[in-house]
Amino acid sequence: MPHCIIEYSAALTDKLDVSDLVQAVHQGAIACGLFEPSAVKTRSYPSQHNQVGLLTDGSFVHITFKIMPGRSEEQKQLLTQTVYQHLNELAENVNSITMEVLDIAKSSYFKRLN
């Protein structure tokens, strides 16, 4: 844990290297100190069609962190603040950066490791 899921406007690939974005989020999640580094999983998905406010060509990055329940609000804030510190400079030309932390329903979560 956590699962770090990055959604971004596809047009951002002209402005930044998405692999750098994934790396920044991944390292930020590790740097917050709440998770075992080997347990952090990060992935990204482009959005081909989007709009940000009144900007038809606006860009966005939205990151969802899915974590097991039990973390305090302060710990969740630490996660988002630390990740933001890692990606802020990289994404300085992005119109909208948002993040949310969601607790996974432990009763329905399944995990298989090899």
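Residues numbered from 1 in each chain as written. Predicted model: local features only at pLDDT ≥ 70, side-chain atom pairs only at ≥ 80, totals over all residues. Heavy atoms only, no water.

Undergrad: Hey, could you run me through the pairing of strand β1 (residues 3-9) in this one?
TA: Looking along a regular strand, one sees the side chains alternate between the two faces of the sheet. Most of β1 sits inside the fold, with six of its seven residues counted as buried. Alignment of β1 against strand β2 (residues 41-47), held across seven bridges, turns out to be parallel. Across the sheet, Ile 6 pairs through a bridge with Ser 44, a residue of β2. Crossover β1 to β2 through helix α1 (residues 18-31) is right-handed. Pairing of β1 with strand β3 (residues 60-67) involves six bridges; the strand directions are antiparallel. Pairing of Glu 7 across the sheet is with His 62, part of β3. (Buried < 20%, exposed > 50% of the residue type's maximum accessible area, 1.4 Å probe, protein only. Helix = DSSP H or I, 4+ residues; strand = E, 2+ residues; numbered from the N terminus. Pairing = 2+ DSSP bridges. Right-handed = clockwise from strand over helix to strand, strands pointing away.)

Undergrad: Please explain the nonpolar core as it appears in this structure.
TA: One broad rule of soluble globular proteins: the nonpolar side chains tend to lie buried together. Among the nonpolar cores identified, the biggest contains 25 residues, and Ile 6, Val 25, Val 61, Ile 63, Phe 65 and Leu 79 are the most heavily contacted of them. Among the elements of the structure, β1, α1, β3 and α2 (73-87) are those that each provide at least two residues to this core. With six residues, the top contributor of residues to this core is α1. Those residues in contact with Leu 79 that sit more than four places away from it in its chain are Ala 29, Cys 32, Leu 34, Phe 35, Phe 65 and Val 101. (Core = buried A, V, L, I, M, F, W, Y, C linked by side-chain atoms within 4.5 Å. Contact = heavy atoms within 4.5 Å.)

Undergrad: Would you take a moment to explain α2 for this structure?
TA: The periodicity of an α-helix, 3.6 residues per turn, causes residues three or four places apart in sequence to face the same way. Taking 1.5 Å of rise per residue, the 15 residues of α2 would be expected to cover 21 Å, and the 21 Å separating its terminal C-alpha atoms lies within 8% of that figure. Considered for burial, the residues of α2 that qualify are Lys 76, Leu 79, Thr 80, Thr 82, Val 83 and Leu 87. End-on view of α2: buried residues confined to an arc of 165 degrees, all on one side of the axis. In α2, the exposed positions that point more than 90 degrees away from the buried face belong to Glu 73, Glu 74 and Gln 85. Contact partners of the buried residues in α2: α1, β3 and β4 (96-103). (Expected span 1.5 Å × (residues − 1). Arc of directions from axis to C-beta.)

Undergrad: Help me out: how do you make sense of the sheet that holds β3 in this one?
TA: Backbone-to-backbone hydrogen bonds join strands into a sheet, with any given pair of strands oriented parallel or antiparallel. Strands sit in the order β2-β1-β3-β4 across an open sheet of four strands; the sheet is mixed. One side of each edge strand has no neighbouring strand; the edge strands of this open sheet are β2 and β4. Strand-to-strand, the axes of this sheet are offset by a mean angle of 15 degrees, without reference to chain direction. Bridge count between β3 and β4: eight bridges; the pairing is parallel. Looking across to β4, one finds that Val 61 is bridged to Ile 97. (Axes fitted to C-alpha atoms, helices over the stretch in contact; angles between N-to-C directions.)

Undergrad: Mind showing me how you'd approach the pattern of salt bridges here?
TA: It is possible for side chains bearing opposite charge to pair when their charged atoms get close. Scanning all chains against the criterion turns up two salt bridges. Salt-bridge contacts for Glu 73 lead to Lys 76; the nearest nitrogen and oxygen are separated by 3.8 Å. Linking Glu 73 with Lys 76, this pair stays in helix α2, spanning three residues, or about one helical turn. Given a relative accessible area of 51%, Glu 73 falls into the exposed group. Exposure remark for Lys 76: the relative accessible area of 12% places this residue in the buried category. Note that Lys 76 is salt-bridged to Asp 103, the shortest N-O span being 3.2 Å. (Salt bridge = Lys/Arg side-chain N within 4 Å of Asp/Glu carboxyl O.)

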